[in-house]
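Fold and contact review
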Amino acid sequence: MARVAFIVTTCHEFEGIKVLSSVLKQHGHQTDCFISTLDSDFYNTVLTWQPDVVGIYATTGQEGWARDHVLRWREELPHLKVLMGGPHPSFDIEILHDEEYVDATCKAEAEYAMLDVVEAWQAARSIDSIPNVGVLLDGKPFQNPIRPAIQDLDSLPFPDVDLFYRYSFLRNKRVMQVHASRGCQNSCTYCSVGLMKKEWISGGSNERFNRTKSVDYLCDEMSDIVARYPQFRMVNFGDAALNMKHGWMEEFAEKWPKRVGLPFACNVNINYLNEDDIRNLSVAGCKSVQFGLESGSEDVRTRVYGKGYTDDVVYTIPPLLRKHKITYRTNNMMGSPAESLEDMFNTVRANQVLKPNGCTVLIYRPFKSTQLGREDFEENRVEIGKDIGPSLQSDSQMLREDLREVVNLQKLFNLAVYLPGGIPLVKKMAKLPRNPVYDWTLLAFLWYQHAVVSGYGMLDDFRLGVRNLGQIFGRRIGGTHRYAGEEPAQNAFLEQMDMGTGADFFEDRAIEVRDAKPKKRKATLVERRHKVNKARGTAN
C-alpha cells in the first residue's frame, strides 16, 4: 500500500485528480490532496502526512511551482517519488531533465498508468516500459506509447470528492464542480484538443476520444455526493460542452430534475445545438451557458481557428437561449497572430450585437500543445524567455508592435461592449501605459459574471477570486519555454514531440527524427486567411 499525495496550487476542484484518487483507493492505496493556497503551512502539512509518491498536476506556466517544496521534502523523505501529469507534461517532457524534481511524467489519461507506476515503485520494479509514462533514459526524455483510452466512463468508480471537500472553503460553496464527459467536438487550432485527438489515444479500432457518462451513472454519482454534502445549491458542469452526445440531452432532461433537481450552468457547443436541445436544457434546470465566440470574424473562426462557427450559427443561437430564459456568456480571445487590433474591436462589435450577459476575455497564448502555437514558434512570433506565469489574463508572449493595446483591450473589453460610446473610449485608453485600474476593471466584470450571471454567489466568488488572485494576475516562474538555463535553440521540443513530421521510435527507445527531403513550404494558418482575403479583394 502506497501513500499518494496530490498537490495543486490553484483553489479548484480537479476532476482528473478525483478520479485518479478513486482508482488508487479502489486498489488499496491511500490518497489525499493538498492545496497550497488553502493550507496555511503547506510544506509541513504534506511532510507530516509522509507520502511515498507526490502527484503534481501541471499546466504550462505552473510546471515549476512545487520544485522548492519537492527538494525539501526529499531531504526528509529520501524514498519519495514524484509523478507529474496534466496538460504540460502530456506535450512537453523536457522537465524530465530536472531529475531532482520529477521522476516520471504521465501523458494523456492517467487512471491506470498512475496505478501501474505507483505499484511498480512500491515493488521496486522498473517503470521504463509502462504505457503513457515518460522517463529519462540514457539522459534523454523518452515517452512510452499510449494505452487505449477508457471507452466506458461508467466503468470507473465515482470521483473522490472527499479529497477537496475536506476543505471547508470548497465544501461550503454554493456550487459544486461535476463532469459528464471527456473530449470535445471541435479541434480548434489554438487549443490542445486537436493534438490530443491524435496523441492521447492508441489508435485502436473503434477507439473514441469523445465519451460521455450515461445519464443514469451521472445521476447516481450526484445522488452519492448530495447525500453526503447536501449544502450545495447548484452544479457547474466543467465539460467542454454538455451537448457532447447526440440524443443525450433528451434523456438528461427527463431524469435530472427527478433524480437530482439542482439547477446548473454549463458550456455548450453551438455548432451542435438546436432549439430542442435548448428546450431540454431549460427543462433540466439550466440557468446559464457559455460558448466560445473567440473572434467576431467568421473568416478567423473558420479558416484560422478551425472552430467551424459560421455567422449564421453565432447569431441564430442567442435569441433561442433568450426565448427559453437561459442566460449566456461568450468566450473571446485577444492577441492571436491572425488578428489585427481592429479585428479585435470587431469582436467587441459582435458582442454588442449578440448582447450576452457577460464576456469572458482571455489573452492568446502560444501553447506548444496546439497547432497554432507550434506554428508560432516555427515562424518566430514568440518572445521566448518572457515569463508571464500560468494565467491567460495577465500578459502576452507574442511579438507584436501593438502589444500594449492588445493587453489593455483584454482588460477593458467588457467596458467597450457595455458602456455607451465604449469603443472610442477604450481605443484611447488602450494606448495608455498598463496600470492596476485596468486589471481591477477586468476582475470586477469577472466577479459579476461568475457570481450573478452564472449563479456562483457574490460572497463565494469573491472569496474564490481572492484565493486565486495570484493565478489570475501573478507572474511566477514557468512558462518561458526555456529549460534548465537552455538557450531557445537548445529546446528540442518541436523536433521531439511533433509526431507527424517523421519522428520514429528506434530499438534504443530514444526519439529521433529522420532526415527528410526539403519540401515546399506550406502556407501558415495566418497566411491562409490573408491569401483568401486578397483573392476576395477585401482588407486583411
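Further up the page is the structure itself.
Each residue is numbered by its place in its chain's sequence as written, counting from 1. A pLDDT threshold of at least 70 governs which residues receive local features in this predicted model, and a stricter bar of 80 or more applies before side-chain atom pairs are shown or counted, although totals over entire chains, interfaces and linings include all residues. Hydrogens and water are ignored here; the side-chain numbers use all heavy atoms of the structure.

1. Describing the overall build of the protein
Heads up, the rule is: Helix and strand assignments come from DSSP, with helices taken as H or I runs of at least 4 residues and strands as E runs of at least 2, each series counted from the N terminus. Contacts are assigned to residue pairs that have any heavy atoms within 4.5 Å of one another. Note on areas: Shrake-Rupley, 1.4 Å probe, and residue coverage restricted to the protein chains presented here.
The helix and strand inventory of the protein stands at 22 helices and 17 strands. Expressed as a percentage of contacts within the protein between residues at least 6 apart in sequence, the contacts between residues at least 24 apart total 74%. As presented, the protein carries roughly 23000 Å² of accessible surface, and 52% of it is formed by carbon and sulfur atoms.

2. Quick notes on the pattern of salt bridges
Filter applied, for reference: Should a side-chain nitrogen of Lys or Arg be within 4 Å of a carboxyl oxygen of Asp or Glu, the pair is scored as a salt bridge. Note on classification: 1.4 Å probe, protein chains only; a residue is buried when its accessible area is under 20% of the maximum for its type, exposed when over 50%, partly exposed between these limits.
Tallied over the entire structure, the rule returns 36 salt bridges. The salt bridge partner of D103 is R74, with a shortest N-O separation of 2.9 Å. Taken as a pair, D103 in the loop between α4 (87-91) and β5 (104-106) and R74 in helix α3 (residues 67-76) lie far apart in primary sequence, 29 residues in all. D103 sits in the partly exposed class, given a relative accessible area of 25%. In this structure, the salt-bridge partner of D439 is R434, at a minimum N-O distance of 3.8 Å. Looking at D439, the relative accessible area reads 17%, which means it is buried.

3. Quick word on the sheet that holds strand β6 (residues 133-137)
The condition is simple: We call two strands paired when DSSP finds no fewer than two bridges between them. In this description, a line fitted to the C-alpha atoms serves as the axis of each element, helices being fitted only across the stretch in contact, and the angle between N-to-C directions of two axes falls anywhere from 0 to 180 degrees.
One open sheet accounts for seven strands, arranged β2-β1-β3-β4-β5-β6-β7; its pairing is mixed. Two strands in the sheet have a free side with no partner beyond their single neighbour: β2 (30-35) and β7 (140-143). Averaged over all adjacent pairs, the angle separating strand axes in this sheet is 25°, with direction ignored. Of the strand pairs in this sheet, strand β3 (residues 53-57) and strand β4 (residues 81-85) are connected by five bridges, and their pairing is parallel. Across the sheet, the residue bridging to V54 is V82, located in β4. Of the strands in this sheet, β1 (3-8), β3 and β4 touch α3, which is tilted by about 155° from β4.

4. Structural notes on helix α17 (residues 422-429)
Inclusion rule: Directions from the helix axis toward the C-beta atoms define the arc.
When α17 is considered as a whole, its buried residues turn out to be G422, I423, V426 and M429. Considered in projection along α17, the buried side chains sweep an arc of 125° and stay on one side of the axis.

5. Focus: the packing of helix α14 (residues 341-354) against α17
Short version of the rule: Orientation labels follow simple angle bins: below 35 degrees gives roughly parallel, above 145 gives roughly antiparallel, 65 to 115 gives roughly perpendicular, and whatever is left gives oblique. Rotating anticlockwise by less than a right angle from the far helix to the near helix defines a left-handed crossing, while the corresponding clockwise rotation defines a right-handed one. Residue polarity follows a fixed list, in which Ala, Val, Leu, Ile, Met, Phe, Trp, Tyr, Cys and Pro are nonpolar, Asp, Glu, Lys and Arg are charged, and the others, Gly among them, are polar.
The interhelical angle for the contact between α14 and α17, taken along N-to-C directions, is 150°, at an axis separation of 11 Å. In this view, α14 runs roughly antiparallel relative to α17, as classed from their interaxial angle. Handedness of the crossing formed by α14 with α17: right-handed. The residues of α17 that touch α14, namely those facing E342, F345, V348, R349 and Q352, are I423, V426 and K427. Considered class by class, the residues forming the contact of α14 with α17 number four nonpolar, one polar and three charged.

6. A few points about the pairing of strand β11 (residues 234-237)
When a strand is regular, its side chains alternate between the sheet's two faces. Applied cut-off: Orienting the strands away from the viewer, one traces the path from the first strand over the helix to the second; a clockwise path indicates a right-handed crossover.
Of the two faces of β11, the one carrying M234 and N236 and the one carrying V235 and F237 are both buried. Both strand β8 (residues 175-178) and β11 contribute to a ladder of four bridges, which runs parallel. The residue bridging M176 from the neighbouring strand is V235, located in β11. With two bridges connecting them, β11 and strand β12 (residues 264-267) associate as parallel partners. Across the sheet, N236 pairs through a bridge with A265, a residue of β12. Remark: the β11/helix α10 (residues 248-259)/β12 crossover connection has right-handed handedness.

7. Observations regarding the sheet that holds β8
Paired through their backbone hydrogen bonds, the strands of a sheet run either parallel or antiparallel. With parallel pairing, the six strands of this open sheet are ordered in space as β8-β11-β12-β13-β14-β15. Both edges of this open sheet fall to β8 and β15 (358-363), since each of them pairs with a single strand only. For this sheet, the mean inter-axis angle between neighbouring strands, taken without regard to orientation, is 20°. Here strand β14 (residues 327-334) runs beside β15; their pairing, made up of six bridges, is parallel.

8. A few points about the nonpolar core
The test is simple: In this description, a nonpolar core means a group of buried Ala, Val, Leu, Ile, Met, Phe, Trp, Tyr and Cys residues linked to one another through side-chain atoms lying within 4.5 Å.
In this structure, F237, F252, F264 and L281 are the most contacted members of the largest nonpolar core, which totals 109 residues. Here this core takes seven residues from helix α5 (residues 111-122), the largest share from any one element. If we ignore the near neighbours within four places in the chain, the residues touching F252 are V215, L218, F237, L242, P257, F264 and A284. Membership of the second largest hydrophobic core comes to 16 residues, among which are F345, F413, V417 and V426.

9. Some points on the packing of helix α2 (residues 42-49) against α3
Remark: α2 packs on α3, axes separated minimally by 11 Å, with the N-to-C direction vectors making an angle of 35°. The handedness of the crossing between α2 and α3 is right-handed. Mapping the contact onto sequence places F42, Y43, V46 and L47 in α2 and H69, R72, W73 and E76 in α3.

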